[in-house]
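Read off the chains here:
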Amino acid sequence: MSPTVTASRPRVEGERATEIHEAVIRLLIEHGYDKLTFDAVAAEVRASKATLYRKWPTKAALVVESVVETICPSVLERPDSGSLRGDLLFGGCQDRGLTEGLPSLLAAVMPALHRDEELFREFESRFLGPMSEQSIGTFRRAQERGEIGPDADLERLASILPAMAVHQAVVFGRDCSVIDITAIVDDVVLPACRATLR
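Thresholds applied
Residues numbered from 1 in each chain as written. Predicted model: local features only at pLDDT ≥ 70, side-chain atom pairs only at ≥ 80, totals over all residues. Heavy atoms only, no water. Phe/Tyr/Trp six-rings, centres within 6.5 Å; stacked < 30°, edge-to-face > 60°. Helix = DSSP H or I, 4+ residues; strand = E, 2+ residues; numbered from the N terminus. Buried < 20%, exposed > 50% of the residue type's maximum accessible area, 1.4 Å probe, protein only. Axes fitted to C-alpha atoms, helices over the stretch in contact; angles between N-to-C directions. Parallel < 35°, antiparallel > 145°, perpendicular 65-115°, else oblique. Left-handed = near helix turned anticlockwise from the far one by under 90°. Contact = heavy atoms within 4.5 Å. Nonpolar A, V, L, I, M, F, W, Y, C, P; charged D, E, K, R; others polar. pLDDT = per-residue confidence, 0-100. Core = buried A, V, L, I, M, F, W, Y, C linked by side-chain atoms within 4.5 Å.

Caption draft 1: Quick peek at the packing of aromatic side chains. Under the defined criterion, the tally for this structure stands at two aromatic pairs. Where F38 meets Y53, the ring centres are 4.1 Å apart and the plane angle is 20°; that geometry is what we call stacked. With F38 in helix α2 (residues 38-45) and Y53 in helix α3 (residues 49-55), this residue pair connects regions lying 15 residues apart in the sequence. With relative accessibility at 39%, the residue Y53 sits in the partly exposed group. With a centroid separation of 5.2 Å and an interplanar angle of 40°, the aromatic rings of F123 and F127 are classed as tilted. Residue F123 and its partner F127 are located together in helix α8 (residues 117-144), separated by four residues, close to a single helical turn. Here F123 falls in the buried class, since its relative accessible area comes to 1%.

Caption draft 2: Representation of the packing of helix α4 (residues 59-70) against α8 within the structure. Between α4 and α8, the least distance of the axes is 9 Å, while the angle of their chain directions is 15°. Classified by the angle their axes make, α4 and α8 are roughly parallel. Crossing of α4 against α8: the hand is right-handed. Mapping the contact onto sequence places A60, A61, V64, E65, V67 and V68 in α4 and E118, L119, E122, F123, R126 and F127 in α8. Here the residues of the contact of α4 with α8 are counted per class, giving eight nonpolar, no polar and four charged.

Caption draft 3: Here's a closer look at the confidence of the model for the chain. In this model, the chain carries an average pLDDT of 86, and 90% of its residues clear a pLDDT of 70 or more. For the chain, per-element mean pLDDT is lowest for helix α5 (residues 72-76), which scores 65, and highest for helix α10 (residues 178-195), which scores 96. Below pLDDT 50 for its whole length, residues 1-10 participates in three contacts with residues either more than four positions away or in separate chains.

Caption draft 4: Spotlight on the nonpolar core. Ranked by size, the top nonpolar core spans 57 residues in total, and within it F127, F139 and I148 carry the most contacts. Listing elements by their share of this core, those giving two or more residues are α1 (14-31), α2, α4, α6 (84-93), α7 (102-113), α8, α9 (154-172) and α10. With residues near it in sequence (within four places) discarded, F139 still touches L84, L88, I148, L154, L157, A158, V189 and C193.

Caption draft 5: Highlighting unusual backbone geometry. Despite not being glycine, R46 shows a phi value in the positive range, around 55°. Within the secondary structure, R46 sits in the loop between α2 and α3.

Here it is, written out as structure tokens:
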């Protein structure tokens, strides 16, 4: 009886996976979700489309994994600086923070979120949800330090900075600079937090 021969499936991992994830993010920001194609990604990374499909059967799966693996590590790892201002500036101005990539990325994905149920479900559970929880946690620490009133709406306060950064990306087509982030924190977010102490 001859041994059964099984076709090996190409493994996309390590540096090769990182290269593909980075290419997806670049193309996503440049062209938007709707115009992103497996053909474009395959050409960008010099891989066969079949190899990509074996690893990521849908565009939503490819995009969400690329976002999670490329953006999440920097966005979700924020040390406690000891002050709300320090936390917000660190989070907003770090690599892949609000000064580079993230607002443009969200602007590229947002139009498709409510048309593509799979994309919305995966993007919300694996990226938007954890990002929101992390941000609210930053404001909760500030509340515990006495920087925010005990009855403040932390979810609303936490949404101010990213909402303004994404607005700039969507309306004006550019990410915030460090100066922009600092101004939003100092002129909008912190005054709103202080108002909850009255």
